[in-house]
Amino acid sequence: VLSGVPVEEVTGIGSIIPPERVRRKIELIRRGIDINRPDPADAMDVLAKVGGPELGAMAGLMLGGASLRLPVVLDGFIAGAAAAIAVGLRPELRAMLIGSHSSAEPGHRILLRTLNIPTYFDFGMCLGEGTGAALLFPVIDAAVRILTEMPTLGELDIRR
């Protein structure tokens, strides 16, 4: 709803369901949107009408983290959907979000592209469960240590 992309384009196979179940999934999502008519310009309305408690909790965590200047690593489609809600509520939050990996789920890629959040890995994974984030944390840790602990050439005082 927040991306404006048709349901057929954002709905994927999830945990590798057969094509007939994907068609049913698309039908159910479309029906939920048609019945509840969420306003795409109002992230809270979208959350209330077609979201769930997990999206609200994750969006709240992202907003809370950003209020404390803590970056949040996104992992998977549901985290991307929660990020879309959170950014819809507070656009400045986008600067605190880090995409871990590009999921094979089409909706995840569309959401992160819509939000303009880059990702660092693409392993063709179709699952979240923190796998991409778990892989990204050592890279983030190394980057922070390089920035805070590694001396510059000037500080090394190397003489030729």
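Keep in mind it's a predicted model, so treat the numbers as computed, not measured. (Residues numbered from 1 in each chain as written. Predicted model: local features only at pLDDT ≥ 70, side-chain atom pairs only at ≥ 80, totals over all residues. Heavy atoms only, no water.)

**Q** Could you give me a rundown of the pattern of salt bridges, with the residues and numbers involved?
**A** Scanning all chains against the criterion turns up seven salt bridges. In this structure, the salt-bridge partner of E149 is R145, at a minimum N-O distance of 3.1 Å. Of the two residues, E149 and R145 are both situated in helix α7 (residues 131–149); the distance of four residues between them amounts to about one turn of the helix. Assessed through its relative accessible area of 52%, E149 is described here as exposed. Taken together, the shared-partner salt bridges connect R24, E27 and R31 into one network. (Salt bridge = Lys/Arg side-chain N within 4 Å of Asp/Glu carboxyl O. Helix = DSSP H or I, 4+ residues; strand = E, 2+ residues; numbered from the N terminus. Buried < 20%, exposed > 50% of the residue type's maximum accessible area, 1.4 Å probe, protein only.)

**Q** Talk me through a nonpolar patch on the surface; I want residue IDs and the actual numbers.
**A** On the surface, a nonpolar cluster with roughly 340 Å² of combined accessible area is contributed by L153, L156 and I158. By the secondary structure assignment, L156 is in helix α8 (residues 153–156). Classification of L156 as partly exposed rests on a relative accessible area of 42%. (Patch = residues over 30% accessible without salt bridge, like charges linked within 9 Å, V, L, I, M, F, W, Y side chains within 5 Å. Areas by Shrake-Rupley, 256 points an atom, 1.4 Å probe, with all protein chains shown as cover.)

**Q** Break down the packing of helix α3 (residues 43–50) against helix α5 (residues 76–89) for me, with residues and values.
**A** Across the interface, α3 lies against α5 with an axial gap of 8 Å and an inter-helix angle of 145 degrees. Across the interface between the two elements, A43, M44, V46 and L47 of α3 pack against I85, G88 and L89 of α5. Classifying every residue of the contact of α3 with α5 gives six nonpolar, one polar and no charged. (Axes fitted to C-alpha atoms, helices over the stretch in contact; angles between N-to-C directions. Contact = heavy atoms within 4.5 Å. Nonpolar A, V, L, I, M, F, W, Y, C, P; charged D, E, K, R; others polar.)

By themselves, these observations are geometric and do not establish any function.
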